[in-house]
Amino acid sequence: MKNKVKAHDGGYDWARGEGLSFSYTQTAIKMLASSSFHGRPYSRFTHSASSRDNKPPISYFPVTKPHYVPSVSAFLLSRRITSNRFKIRALKREPDGASLAEKEATPFFPHRHSVKIPVGDRHITVETGQIGRQASGSVIVRDGETILYTSVCLSDTPSEPSDFFPMSVNYQERFSAAGRTSGGFFKREGRTKDHEVLICRLIDRPLRPTMLKGFYHETQILSWVLSYDGLHPPDSLAVTAAGIAVALSEVPNTTTISGVRIGLIGDKFVVNPTTTEMETSKLDLLLAGSESGILMIEGYCDFLPEEKLLQAIEIGHDAVRAICKEVDNLVKMCGKPKMLDSIKLPPPELYKHVEEIIGEELVKVLQLKSKIPRRKALSLLEDKVLSILTEEGYISKSDSVGAEITPDMLEDEDEEEEFVVDGEFDEGDVHIKPVSKKPVPMFYAEVDVKLVFKSVTSKYLRKRIVEGGKRSDGRTSEEIRIIDSECGLLPRAHGSALFTRGETQSLAVVTLGDRQMAQRIDNLAGVEDVKRFYLQYSFPPSCVGEVGRIGAPSRREIGHGTLAERALEPILPSENDFPYTIRVESTITESNGSSSMASVCGGCLALQDAGVPLKSPIAGIAMGLVLDTEEFGGDGTPLILSDITGSEDASGDMDFKVAGNDDGVTAFQMDIKVGGITLSTMKQALMQAKEGRKRILAEMLKCSPPPSKKLSKHAPLILVMKVKPEKVNLIIGSGGKKVKSIIEETGVDSIDTQDNGIVKITARDMASLERSKAIISNLTMVPVVGDVYRNCKITSIVPYGAFVEIVPGREGLCHISELSPDWLSKPEDAFKVGDIVDVKLIEINEKGQLRLSRKALLPPPEQSADGVTKESGTQQKYTDRSKGRPTEERKDKSPEGVFIKRYVGSRKNEQKTSGTKPDTPPASDDTLINGEAQVG
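All residue numbers refer to positions counted from 1 along the written sequence of the respective chain. Since the coordinates come from a predicted model, pLDDT governs what is reported: local features require at least 70, and pairs of side-chain atoms require 80 or more to be given and counted, while whole-chain, interface and lining totals use all residues. Note: side-chain values were computed over all heavy atoms of the structure, leaving out hydrogens and water.

(A) Examining the overall build of the protein chain more closely. Of regular secondary structure, the protein chain possesses 18 helices and 37 strands. Note on classification: 1.4 Å probe, protein chains only; a residue is buried when its accessible area is under 20% of the maximum for its type, exposed when over 50%, partly exposed between these limits. Counting all 936 residues of the protein chain, 45% fall into the buried class. Put simply, 68% of the contacts in the protein chain that link residues at least 6 apart link residues at least 24 apart. Accessible surface computed for the protein chain: about 49700 Å², of which carbon and sulfur atoms make up 51%. Labels follow the DSSP assignment, with helices taken as runs of H or I lasting at least four residues and strands as runs of E lasting at least two, numbered in each case from the N terminus. Contacts are residue-level and defined by heavy atoms, with any inter-residue pair within 4.5 Å sufficient. Method for areas: the Shrake-Rupley scheme with a 1.4 Å probe, in which residue coverage is limited to the protein chains shown.

(B) Summary view of the nonpolar core. Put simply, a nonpolar core is a bunch of buried Ala, Val, Leu, Ile, Met, Phe, Trp, Tyr and Cys residues held in one set by side-chain atoms that sit within 4.5 Å of each other. Within the largest apolar cluster, 129 residues are counted, with the highest numbers of intra-cluster contacts made by Leu 283, Ile 297, Ile 582, Phe 656 and Met 682. Here Met 682 is in contact with Ile 294, Ile 297, Leu 310, Ile 313, Phe 656, Met 670 and Ile 677, once residues within four sequence places are set aside. Ile 358, Leu 362, Val 365 and Val 385 belong to the second largest nonpolar core, which has 26 residues in total.

(C) Main features of the pattern of salt bridges. Here, a salt bridge means any Lys or Arg side-chain nitrogen found within 4 Å of an Asp or Glu carboxyl oxygen. Considering all chains together, one arrives at 35 salt bridges under this definition. For Arg 122, the salt bridge goes to Asp 121, with nearest N and O atoms at 3.5 Å. Its salt-bridge partner being Lys 760, residue Glu 575 comes within 2.7 Å of it at the nearest N-O pair. Of the two residues, Glu 575 is situated in the loop between helix 11 (555-568) and strand 23 (581-590) and Lys 760 in strand 30 (residues 758-763); the sequence distance between them amounts to 185 residues. A relative accessible area of 7% places Lys 760 in the buried class. Each member of the salt-bridge network shares a partner with another, and the members are Asp 235, Arg 261, Asp 284, Arg 566 and Glu 569.

(D) Just the sheet that holds strand 32 (residues 801-807), in detail. Should DSSP find at least two bridges between two strands, the strands are regarded as paired. Taken in spatial order, the 5 strands of this closed barrel run 31-32-33-35-34, and their pairing is mixed. Each strand of the sheet is rotated relative to its neighbour by a mean of 55°, with strand direction disregarded. Bridge count between strand 33 (residues 810-815) and strand 35 (residues 850-853): 2 bridges; the pairing is parallel. By the bridge assignment, Cys 814 is partnered in strand 35 with Leu 852. Interaxial angles span 0 to 180 degrees and are taken between N-to-C directions of axes, which are lines fitted to C-alpha atoms, for helices over the stretch in contact.

(E) Structural view of the confidence of the model for the protein chain. Looking at the protein chain, pLDDT values average 79 and 74% of them are 70 or higher. Long-range and interchain partners of residues 398-433, a stretch whose pLDDT sits below 50, account for 28 contacts in this model, where long-range means more than four residues apart. Confidence of the predictor at the level of single residues is given by pLDDT, which spans 0 to 100.

(F) Local environment of the packing of aromatic side chains. Any two rings among Phe, Tyr and Trp, with Trp reduced to its six-membered ring, count as a pair given centres within 6.5 Å; such a pair is stacked if its planes are under 30 degrees apart, edge-to-face if over 60, and tilted if neither. Following the criterion strictly, the structure yields 4 aromatic pairs and no others. A centroid spacing of 6.4 Å and a plane angle of 15° characterise the contact between Tyr 537 and Phe 539, whose relative ring orientation is stacked. Ring centres of Phe 578 and Tyr 580 lie 4.8 Å apart, and the angle between their planes is 40°; on these two criteria the pair is classed as tilted. When sorted by exposure, Phe 578 lands in the same class as Tyr 580, which is buried. For Arg 566, the ring lying beneath its charged end belongs to Tyr 300, and the centroid distance is 3.8 Å. Charge over a ring is defined by NZ of Lys or CZ of Arg lying within 6 Å of the ring centre and within 35 degrees of the ring normal.

(G) Spotlight on the side chain of Ser 249. Mapped onto the secondary structure, Ser 249 falls in the loop between helix 5 (235-248) and strand 9 (258-265). Under the relative-accessibility criterion, Ser 249 is labelled buried at 0%. Polar contact criterion, stated in full: a pair of N or O atoms within 3.5 Å, where within protein one must be able to donate a hydrogen and the other to accept it, and residues adjacent in sequence count only if both atoms are side-chain atoms. Of the polar contacts made by the side chain of Ser 249, one reaches the backbone nitrogen of Val 251; its length is 3.3 Å. Look past the residues within four positions of Ser 249 in its chain and what remains in contact with it is Ser 136, Gly 137, Val 152, Lys 336 and Lys 338.

(H) View of the pairing of strand 34 (residues 836-844). Relative to strand 34, strand 31 (residues 788-798) runs antiparallel, the two being bridged by 4 bridges. Paired with Val 788 across the bridge in strand 34 is Lys 840. Both strand 34 and strand 35 contribute to a ladder of 4 bridges, which runs antiparallel. Bridge pairing in strand 35 links Glu 843 to Arg 851.

(I) Spatial organisation of the pairing of strand 6 (residues 146-158). Where strand 5 (residues 137-143) meets strand 6, 7 bridges bridge the pair, whose relative direction is antiparallel. Looking at the pairing, Arg 142 lines up with Ile 147 of strand 6. Between the end of strand 5 and the start of strand 6, which pair antiparallel, lie 2 residues, with Gly 144 showing a positive phi angle near 65°. Sheet analysis places strand 6 next to strand 8 (residues 217-227), joined by 9 bridges and oriented antiparallel. Residue pairing for strand 8: Thr 150 is matched across the bridge by Ser 223.

(J) Molecular detail of the state of the cysteines. Cysteine sulfur atoms are paired as a disulfide whenever they fall within 2.5 Å. Per the counting criterion, the structure on display carries 0 disulfides. Not engaged in a disulfide, the cysteine Cys 604 finds its nearest cysteine sulfur in Cys 601; these two sulfurs lie 7.8 Å apart.

(K) A look at the sheet that holds strand 19 (residues 504-513). The strand order across the open sheet built from 5 strands is 17-18-19-23-22, with neighbouring strands paired in mixed fashion. Only two strands of the sheet have a single partner each, and these edge strands are strand 17 (483-487) and strand 22 (533-538). Pairwise comparison of adjacent strand axes, ignoring direction, gives a mean angle of 15° for this sheet. Relative to strand 18 (residues 495-501), strand 17 runs antiparallel, the two sharing 5 bridges. Counterpart to Glu 486 in the pairing with strand 18 is Leu 498. Sheet strands touched by helix 14 (residues 679-700): strand 17 and strand 18. Its angle to strand 17, the strand with the most contacts, is close to 45°.

(L) Up close: the packing of helix 5 against helix 7 (residues 306-334). At a closest axis distance of 9 Å, the pairing of helix 5 and helix 7 adopts a crossing angle of 30°. In this view, helix 5 runs roughly parallel relative to helix 7, as classed from their interaxial angle. For the crossing formed where helix 5 meets helix 7, the hand is right-handed. Residues Thr 240, Ile 244, Ala 247 and Leu 248 of helix 5 lie in contact with helix 7, whose contacting residues are Ile 323, Val 327, Leu 330, Val 331 and Cys 334. Oblique is the label for any angle not under 35 degrees, not over 145, and not in the 65 to 115 range, which are roughly parallel, roughly antiparallel and roughly perpendicular in turn. Put simply, a crossing is left-handed when the front helix is turned counterclockwise from the back one by less than a right angle, and right-handed when it is turned clockwise.

(M) Structural context of the packing of helix 4 (residues 194-207) against helix 11. Running from N to C, helix 4 and helix 11 point in directions that differ by 95°, and their axes come no closer than 9 Å. It follows from the interaxial angle that helix 4 and helix 11 lie roughly perpendicular. Here Asp 194, Val 197, Leu 198, Cys 200 and Arg 201 of helix 4 come into contact with helix 11, specifically with Arg 555, Arg 556, Ile 558, Gly 559, His 560 and Thr 562. Side-chain classes follow a simple rule in which Ala, Val, Leu, Ile, Met, Phe, Trp, Tyr, Cys and Pro form the nonpolar group, Asp, Glu, Lys and Arg form the charged group, and the remainder, Gly included, forms the polar group. The class makeup of the residues in the contact of helix 4 with helix 11 is 4 nonpolar, 3 polar and 4 charged.

Below, the structure written as structure tokens:
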């Protein structure tokens, strides 16, 4: 290779590294990034026709002029010599003939798109094409400084067909989003928290009805909160982000969804209110839907009437429509084609075969009122269908079946005929000519038969309800099942109730406790969130007569428990009126539909039995829907079902749960299994649910035995005291020693103090409660100078006086000069520990320490003219300890009630005028004893 190469604008000396042109800089960078440079043929340069073995010409990297191309290593080395900075960025190879300016203008993320969508009084920003480009669909959604990243991925191969779409949702709030780390030992996010599970359900429930049947590729939706500003909540944003990501992905769905939150601040409905606005909101409604209908609602309120809820739902649906319209425009620009060819549905003729086999028997089985016999009969029918189709050759359990067998697949090898296709052909290319054969029977997969059987069963159930006007258990569409309730069946529990509605039964138990029993929640806001009321819902497999796993609560259990908890919360008294922490456990012992609403009814009765002063009783009911009645001979009007069973829930089009009383609603939740419902249908369901609640409440009043409505003798006693906030530290003591000593001394369960001066004492008996109350009252009392305390005990004696306990836990110093009107050389001469004395408070210093006087309560001694008291008959002399000499009377006596601090010790700077030694040895220089002066 030559040492010099001519560049576009001058020569370049490779040995000296000079004269490098800008064109060569760009060329070298593209050489590194281009696949042509790494051995792939290129069409610009070719070898001569006389190349070895007469193989096709080989192409190399193109250059502008014929010259020797130096090695890239030499180029980089020379560039390193001539410049202190050298940056390389891999660029996408441009088409041939593109100019340099066009290549420079190409963005690094060519498929990045961003759109602003108006929501309420502000905009949300949706971005795609920059982050998560390898996912099937991914978006970044921003609301203020709250940012979520959501991705959608699906497996390459389909899973086994089932009646449940294989979709999983995971939502995580990372502490780094709020500038925090986890408070645990492992400094990273761990198990999914309950409120994260609830948001996963909010994402899953509106998306699932939009997925097309027959698509079995496992789909996963992941959502992370990357930034949280504490003002814009991420839950409704997560629903919208998931709907946009699915719309942009390859997952086939029927429509685009989005979600919003609606709050009621004053008399105004607000779309996506901030966390500050939600503090005063009377309504917390989260709604998800599409342009055509509503798919999911979940809300909690404080006895709002149905008319207000309908207004909120209408406003929320309008906001959802606007978002979906903008998202559809974004999907047209950068959405991926849907995998419609991956949808595999059972053959249509299979429905006909199943109906012919079991049609008449299915009608009779669906009339059975009891759940277990009906379930067993349906299982026998399913086995019968599989058996008959197998005998007739319609079924195969092989994994490779499911498609029709073509005649050419059944031909024998000896009947194959070889023929050659006209035109160009390869050596050994032989085609097999098909020969017509007689039709062969169809083969179906076993899972297809089961799916069709379930679909046919649902069809016949809906047909019976619409045509016959009767449900499986013989009820009409508005009729409620038989209700029975009982309270106080668990004697040691603080409150208990057994609520039975048809074949659904809930055992509710209430436990009362102090603040230590409250549930603490770690959240992104960084503020300790304490719940004084919580409901825990349990759904064991035995409640449906099955065998299953027992372990941590499932997502369904967490969701149902939260719904019942939020429904009961508005009827609870305030903490000032009822200072207990309340825990409700609802164990489902039987289940045939609406177990969460049974938890509401049972929980309300158990709270009354525990003596909790509720504002009013409430009840819950689940509503169902048959939307397309015209298919079964109806007039097309949607049919609303009250108090649905499990089969009506599975075969119906809606599960709408509503809780409240006669005046209004406290909680509601709706899941739709079709493309959405209209506002008029929801209004009909709400009004019918109101009538159903009234009937249930009337039956709950017949509870036998009724709730006790008083505290159980086994419940703890809680006394609430109010002290001055600055006195709280006196109760706690150094390192909590004082409060621990009070607990040990009195035997109470706990003493909880708050910064605002509220003190809660929890005890099992009244005696210990009163003892601890007396100690705390004495500790926090505000003494007044001049108060007299009788029958006080001397707790300790020191050289300068005695400490007297005026009240339990509160001591003061009675100086030696205040112990007696007579002169004392030391306190032990007249008093000992344990003596009972009366004292008077004569001073409170700036540290809050008390100075007491016994002498102030004694009559002054009468003295004769010669200085001899009449009581003792001896001459009394007072010693001035500062001068060290006896005198008839102290010259510097201070007025009563005035306490003068004096330093104890020798006066180094004062010249001694007397050789008399003081009565008491001097203490160390400049020393204060107990914060007081040692006055003699």
